[in-house]
Amino acid sequence: MERIYFDHAATTPLDREVFEKMTPYFCDVYGNADSPHALGRKAMAAVDSARDKIAALIHAKNNEIYFTSGGTEADNWALFGGAYAKKAEGKTRVVLSAIEHHAVLSAAERLERDGFEVVYLPVNEQGVVEEDALQNAIDRNTALVALMYANNETGAIQPVQRACALAHERGALFFTDAVQAAPYMRLDVRELGVDMLSFSGHKFYGPKGVGVLYIRGGVKVQKFVGGGEQERGMRGGTVNVPAIVGIAAAYEKAVQNMEQNNEKIRVLVQRFMQELAPLSGVTVNGDRQNALPSVLNLRFDGVENTAFLYAMDLQGVCLAAGSACASASVKPSHVLTAMGLDERQAKESVRFSFGKNNTTEEIVQGARFAVETARRLR
Ligand SMILES: *Cc1c(COP(=O)(O)O)cnc(C)c1O
């Protein structure tokens, strides 16, 4: 059976060109990048060049880029590293949006158990944090504010620049999880003014298990993974050279083709909506105007999403109810409930996330399956 893949917010396939660039670093240039001998130096040269590339693309300096084991580690590092660094100044509040990824939410829960006061920013029905919420939550006692750049369930883009400015006015650090935004929006850390920013390789056709945490020069953040002196003493562990080569190559390609990919996906999504038009009782969850082009969260009245996903999977369509990290749970999405959907509405919602390799045929076929499946299940 031909698979139709509409789950690009969960992960993307590795790009073949990127894969080719990674391969020498598994069996040939296998030196430990921190070894001073020739093979180590060769590995380190590849890591240095990857770091330079990523730094240039987000307008950072190369010593502001730290490689991690993925978005989850980068998010955890930002939360713990930022909160504890500011605790030294006596600040004990952590402010984050209610719609953050579980990587951020679970770190915040841990900080709460450790004695921090955690304040969750509400979102409006479009899934966006509003000015009032920021004004009310961020105070002089705030150590850290975390607001994701774009949400992984709805694609809604958040007011990161504004939130960052407010955080800085009140003496707090600001972190943005840009994992979902990275494939579709230019990241410019200078323009945004953020102290920390994370993204992950496998969301833009790079390898899994590698991510980046940008930490602005001069900002004090505690280390998260202790060990050797890798990553300028800030992140222990033997450097994952092939993955780092891969994330840099994939990110470079994503940035180079961004406009073109976004436009292609926009056209595909429009077509998908057209094909769904004959079906009644379909609502878009969240803001489509100020959103990533790729994510479409739809509610099908009277259709339970787990049954829908199962039926679609049988027809070869790969989809998700929300975050893949939470897909094993039966709980309704925390993002959709934060937007004011009730439990039933949240459980009637499905996330379609499209990618640059989807074809018009897949869009038409996938939409036809969705229409048939929703009708059958009602
Ligand atoms: C996927 C994702 C993560 C986690 O990244 P991993 O590299 O899979 O650990 C974090 N935040 C958001 C918004 C994501 O979509």
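Before any of the text, the structure's been laid out above.
Residues numbered from 1 in each chain as written. Predicted model: local features only at pLDDT ≥ 70, side-chain atom pairs only at ≥ 80, totals over all residues. Heavy atoms only, no water.

**Remarks on the overall build of the chain**
To keep things clear, this is the line we draw: Working definition: helices are DSSP H or I runs of at least four residues, strands are E runs of at least two. Numbering for both runs from the N terminus. Note on exposure labels: buried denotes an accessible area under 20% of the residue type's maximum, exposed denotes more than 50%, and partly exposed covers the range between, all computed with a 1.4 Å probe on protein chains only. In what follows, a contact means two residues having at least one pair of non-hydrogen atoms within 4.5 Å. Here the accessible surface of atoms and residues is derived via Shrake-Rupley with a 1.4 Å probe, and residues count as covered only by protein chains that are part of the display. His is not counted, nor are the chain ends, whereas Lys and Arg count as positive and Asp and Glu as negative. Positions of charges follow a simple convention, taking NZ of Lys, CZ of Arg, CG of Asp or CD of Glu.
For the chain, the helix and strand inventory stands at 15 helices and 12 strands. On the principal axes, the C-alpha backbone points of the chain span a range of 65 × 50 × 35 Å. Here the chain holds 378 residues, and the buried ones make up 57% of them. Long-range pairs, those at least 24 residues apart, make up 75% of the contacts in the chain between residues at least 6 apart in sequence. Summed over all atoms, the accessible surface of the chain reaches about 15600 Å², with 50% contributed by carbon and sulfur. In the chain, 41 side chains carry a positive charge and 45 a negative one; their mean positions are 2 Å apart.

**Observations regarding the packing of aromatic side chains**
So the rule is basically this: For Phe, Tyr and Trp, rings pair up if their centres lie within 6.5 Å, where Trp contributes its six-membered ring, and each pair is then called stacked (planes under 30 degrees apart), edge-to-face (over 60) or tilted (otherwise).
Applying the stated criterion across every chain, the model contains 13 aromatic pairs. Measuring from ring centre to ring centre gives 5.3 Å for phenylalanine 204 and tyrosine 251, while their planes differ by 50°; the resulting arrangement is tilted. A residue pair is termed long-range when its members are at least 10 positions apart, and phenylalanine 204 in the loop between strand S7 (196–200) and strand S8 (211–215) and tyrosine 251 in helix H10 (residues 241–256) qualify at 47 residues. Given a relative accessible area of 0%, tyrosine 251 falls into the buried group. Ring centres 4.9 Å apart and planes at 55° place the aromatic pair phenylalanine 272 and phenylalanine 352 in the tilted group. Pair noted here: phenylalanine 272 is in helix H11 (residues 258–276) and phenylalanine 352 is in strand S12 (residues 349–353), with a separation of 80 residues, a long-range link.

**Thoughts on the sheet that holds strand S9 (residues 282–284)**
Going by this rule: At least two DSSP bridges between two strands are required for those strands to pair. Here an angle of 0 to 180 degrees is reported between the N-to-C directions of two axes, which are lines fitted to C-alpha atoms, with helices fitted over the stretch in contact.
With antiparallel pairing, three strands are arranged side by side in an open sheet as S9-S10-S12. Each end of this open sheet is capped by a strand with a single partner; those strands are S9 and S12. On average, adjacent strands in this sheet sit at an angle of 30° to one another, irrespective of strand direction. Taken together, the three bridges between S9 and strand S10 (residues 295–300) define a ladder with antiparallel strand orientation. From the neighbouring strand, valine 284 faces S10, where its bridge partner is leucine 298. Strands S9, S10 and S12 of the sheet are contacted by H11, whose axis makes an angle of about 15° with S10. Helix H12 (residues 305–314) rests against S10 and S12 of the sheet, and its axis sits at about 40° to S12.

**A short note on the packing of H12 against helix H15 (residues 360–377)**
As a reminder, the rule being used: When describing relative orientation, an angle under 35 degrees is termed roughly parallel and one over 145 degrees roughly antiparallel, while 65 to 115 degrees is termed roughly perpendicular and anything else oblique. Crossing chirality is assigned from the near helix's rotation relative to the far helix, an anticlockwise turn below a right angle marking it left-handed and a clockwise turn marking it right-handed. Three residue categories are used. Nonpolar comprises Ala, Val, Leu, Ile, Met, Phe, Trp, Tyr, Cys and Pro, charged comprises Asp, Glu, Lys and Arg, and polar comprises the others, including Gly.
Between H12 and H15, the least distance of the axes is 10 Å, while the angle of their chain directions is 135°. As judged from the angle between their axes, H12 and H15 are oblique. Considering only the axes of H12 and H15, their crossing is right-handed. Taking contact as the criterion, the partners of Ala307, Phe308, Ala311 and Met312 in H12 are, on H15, Gly366, Phe369, Ala370, Thr373, Ala374 and Leu377. A class-by-class count of the residues in the contact of H12 with H15 yields eight nonpolar, two polar and no charged.

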